[in-house]
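Chains, contacts and geometry: an overview
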Amino acid sequence: MKKRSRIWRMNQELSTVQLIVLFYFLASAIATLLLSLPFLHRDNVDLGFLDVFFTAVSAISVTGLTVFSTAETFNTAGYFVLAFILQFGGIGIMTLGTFIWILVGKKIGLKERQLIQIDQNRSTLSGLVRVMIKILSTIIIIEIFGTVILSFYFLSYFSTWQEAVVQGFFAAVSATTNAGFDITGQSLIPFANDYFVQTVNMLLLILGAIGFPVLIEVIDYLRGLHGKQYQFSLFAKLTTVTFFGLIVVGFVLILAFEWNNFFEGMTWHESFFYALFQSVTTRNGGLATMDVAEFTVETQLLLSVLMFIGASPSSVGGGIRTTTFAIALLTIYSYAKGNSSIKLFKREIHPEDMVRSFVVITTAALLCLSSVIILNLSEDFSLVEIIFEVASAFGTTGLSLGITQDLSSFGKLVIIFLMFVGRIGIFSFLFIIRGKNKADLFHYPKENIIIG
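Rules and cut-offs
Residues numbered from 1 in each chain as written. Predicted model: local features only at pLDDT ≥ 70, side-chain atom pairs only at ≥ 80, totals over all residues. Heavy atoms only, no water. Core = buried A, V, L, I, M, F, W, Y, C linked by side-chain atoms within 4.5 Å. Buried < 20%, exposed > 50% of the residue type's maximum accessible area, 1.4 Å probe, protein only. Contact = heavy atoms within 4.5 Å. Helix = DSSP H or I, 4+ residues; strand = E, 2+ residues; numbered from the N terminus. 1 Å grid on protein atoms, 1.4 Å probe; cavity = no way out; pocket = protein on both sides within 12 Å on 5 of 7 lines; lining within 4 Å. Points joined across faces, edges and corners; volume = space filled by probe spheres on them. Nonpolar A, V, L, I, M, F, W, Y, C, P; charged D, E, K, R; others polar. Patch = residues over 30% accessible without salt bridge, like charges linked within 9 Å, V, L, I, M, F, W, Y side chains within 5 Å. Areas by Shrake-Rupley, 256 points an atom, 1.4 Å probe, with all protein chains shown as cover. Salt bridge = Lys/Arg side-chain N within 4 Å of Asp/Glu carboxyl O. Phe/Tyr/Trp six-rings, centres within 6.5 Å; stacked < 30°, edge-to-face > 60°. Axes fitted to C-alpha atoms, helices over the stretch in contact; angles between N-to-C directions. Parallel < 35°, antiparallel > 145°, perpendicular 65-115°, else oblique. Left-handed = near helix turned anticlockwise from the far one by under 90°. Expected span 1.5 Å × (residues − 1).

Focus: the nonpolar core
In this structure, Phe394 and Ile415 are the most contacted members of the largest nonpolar core, which totals 105 residues. Excluding residues within four positions of it along the chain, isoleucine 415 makes contact with Phe54, Leu65, Leu375, Glu389, Ala393 and Leu407. Of all hydrophobic cores here, the second largest spans nine residues; its members include Val131, Ile135, Ile139 and Phe212.

What follows is the structure in structure tokens.
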């Protein structure tokens, strides 16, 4: 009874954000225990605690950075356990938690709805349970279609149908959740010339990273739930334009930077798919059709910036998020034009969102810069390799220039921290120490400060 009272009191004292962070930490701990089970490993595999913990956090944050080969470490049962962990990390703990609560008949009260709201970065409490069910069903349907298509197609690659199904299932889950894990041992490099596999994976990566609210609005539009005069939200419009705009910009710049380098001597379609896939995967995918270490330094820095931006809000991805980047650019442009507000798609962006975007970018930049400096002091790698690794971890992308396995124990802890922050988001990171909201009891006289 005392134990239950202690848990209830802790639940009341912790803020909603702190509870979400605690849940993700507990999920990482449970994932560590699961991935440590010997019967999930291949023969003669001996894993240290830190390496397993690193992999568990990478799975919960759907990053994909690994310190050992997934294909050479886990057996088939281990693949399925890892895929289950990726579901929790990608869809969100509270989404799957809502489904479990419904199955056991638990009433979803105000506290649970607040947890869902924070986990999915929603602005209101209304309709959250219905939204969670839509998200879960949509992602599962996407994964089923991906599994069926890839499994049938992989029959031409693998000797048995069982292996084709396992490969197809894991690839579909990893791509949809943007996890970046693979069981080929070489990411998608074996399919570098197979444009069908690449196209399917790019579609799954985009569907996972573009944001659950956007997917739900598109589904509602296609089903005609709101009549012929359906109006997409400003969020959906801004997210979609920014998301695909970043893909196009990344594609064009990769082509330009590598035309006389990595792409020299290649056919137009080889260059096209190499550039397009690498641009798409920086949104949060982590899969690759080539060794990105073969790119020039300019391209590697470009990929680092794209990974730092990351995926869209309320998606499987991390980073500062696409809308944050878009609002910051629009704010700078509007200020330069002498406007005091941002008008877009016959709507006006809330001033608080403009401030929030700069808070996120500044905090994320300081966090990543500090990590780069620390790792540059502790690790024996080039500055570009460290910047790339930090951006990949914070953006929960999973691309690497090949230094992850050779990081020191301290370096691995830094990357673990970045992956965790990238998954919970900058605001959750800032609110961990803030506690519950407190209203200002008084104000001092205001003064202008010289800026710039």
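Having seen it, we continue.
Re unusual backbone geometry
Located in the positive-phi region is phenylalanine 345, a residue other than glycine, with phi close to 55°. Relative to the elements of secondary structure, phenylalanine 345 occurs in the loop between strand 1 (343–344) and strand 2 (347–348). When its relative accessible area of 38% is taken as the criterion, phenylalanine 345 is described as partly exposed. One non-glycine residue, lysine 346, adopts positive backbone phi at about 60°. Topologically, lysine 346 is positioned in the loop between strand 1 and strand 2. Judged by relative accessible area, which is 82%, lysine 346 ranks as exposed.

Points about the layout of surface pockets
Roughly 670 Å³ of internal volume is contained in the second largest pocket. For the second largest pocket, the lining is made up of 29 residues, of which Thr66, Asp182, Ser187, Gly398 and Ser400 are closest to its centre. Residue classes in the lining of the second largest pocket are distributed as twelve nonpolar, 14 polar and three charged.

Some thoughts on empty space enclosed by the protein
The tally for this structure, following the rule as stated, stands at one cavity of 30 Å³ or more. Residue lining of the largest cavity: Phe154, Gln167, Phe170, Ala171, Ser174, Ala175, Phe181, Asp182, Ile183, Thr184, Leu188 and Leu287, and that is the complete set. Residue contributions to the lining of the largest cavity peak at five residues, all from helix 9 (residues 161–176). The residue inventory of the lining of the largest cavity, partitioned by class, reads eight nonpolar, three polar and one charged.

Regarding a nonpolar patch on the surface
There is a patch of nonpolar side chains on the surface, built from Ile140, Ile144, Val148, Phe152, Leu155, Trp161 and Val165 and spanning about 680 Å² of accessible area. The set of elements that each furnish at least two residues to the nonpolar patch consists of helix 8 (128–154) and helix 9. It is helix 8 that contributes the most residues to the nonpolar patch, four residues altogether. Within the secondary structure, tryptophan 161 sits in helix 9. Relative accessible area serves as the criterion here: at 55%, tryptophan 161 is assigned to the exposed category.

Here we look at the pattern of salt bridges
In this structure the tally under the stated criterion is three salt bridges. When the shortest N-O distance is used, the salt bridge between lysine 412 and aspartate 51 registers 2.8 Å. With lysine 412 in helix 18 (residues 409–424) and aspartate 51 in helix 3 (residues 49–60), the pair connects residues that are 361 residues apart, well separated along the chain.

Let's talk about the side chain of threonine 322
Tracing the sequence through the fold places threonine 322 in helix 15 (residues 322–336). By relative accessible area, which is 0% here, threonine 322 ends up buried.

With respect to the packing of aromatic side chains
The way to describe two aromatic rings as a pair is by their centre distance and the angle between their planes. Taken as a whole, this structure holds 24 aromatic pairs when the rule is applied. Measuring from centroid to centroid gives 6.2 Å for tyrosine 153 and tyrosine 157, while their planes differ by 45°, and the two rings are tilted. On the basis of relative accessible area, tyrosine 157 is assigned to the partly exposed category, the value being 38%. Ring geometry for phenylalanine 154 versus phenylalanine 191: centroids 5.3 Å apart, planes at 20°, classification stacked. Of the two residues, phenylalanine 154 sits in helix 8 while phenylalanine 191 sits in the loop between helix 9 and helix 10 (195–209), which places them 37 residues apart along the sequence. Each member of the pair, phenylalanine 154 as well as phenylalanine 191, carries the same accessibility label: buried. Following the ring pairs from residue to residue traces out a cluster consisting of Tyr153, Phe154, Tyr157, Phe158, Phe191 and Phe196.

Here's the deal with the packing of helix 12 (residues 234–258) against helix 13 (residues 268–281)
In a packed pair of helices, the relevant descriptors are the angle between the two axes and the axis-to-axis distance. It is at 8 Å that the axes of helix 12 and helix 13 come closest, and there the two elements cross at 135°. Judged by the inter-axis angle, helix 12 sits oblique to helix 13. As for the relative orientation of helix 12 and helix 13, their crossing is right-handed in sense. The residues of helix 13 that touch helix 12, namely those facing Leu246, Ile247, Gly250, Phe251, Ile254 and Leu255, are Ser271, Phe272, Ala275, Leu276, Gln278, Ser279 and Val280. Across the contact of helix 12 with helix 13, the residue classes tally to nine nonpolar, four polar and no charged.

Topic: the side chain of threonine 299
Relative to the elements of secondary structure, threonine 299 occurs in helix 14 (residues 297–309). Classification of threonine 299 by relative accessible area gives buried; the value is 0%. Apart from the residues lying within four places of it in its own chain, the contact partners of threonine 299 are Ile254, Phe257 and Glu258.

Section: helix 14
Between its first and last C-alpha, helix 14 extends 19 Å over 13 residues, near the 18 Å set by a 1.5 Å rise per residue. At its buried positions, helix 14 is contacted by helix 12, helix 13, helix 15, helix 16 (351–378) and helix 17 (383–394). At the exit of helix 14 stands glycine 310, carrying a positive phi of roughly 80°.

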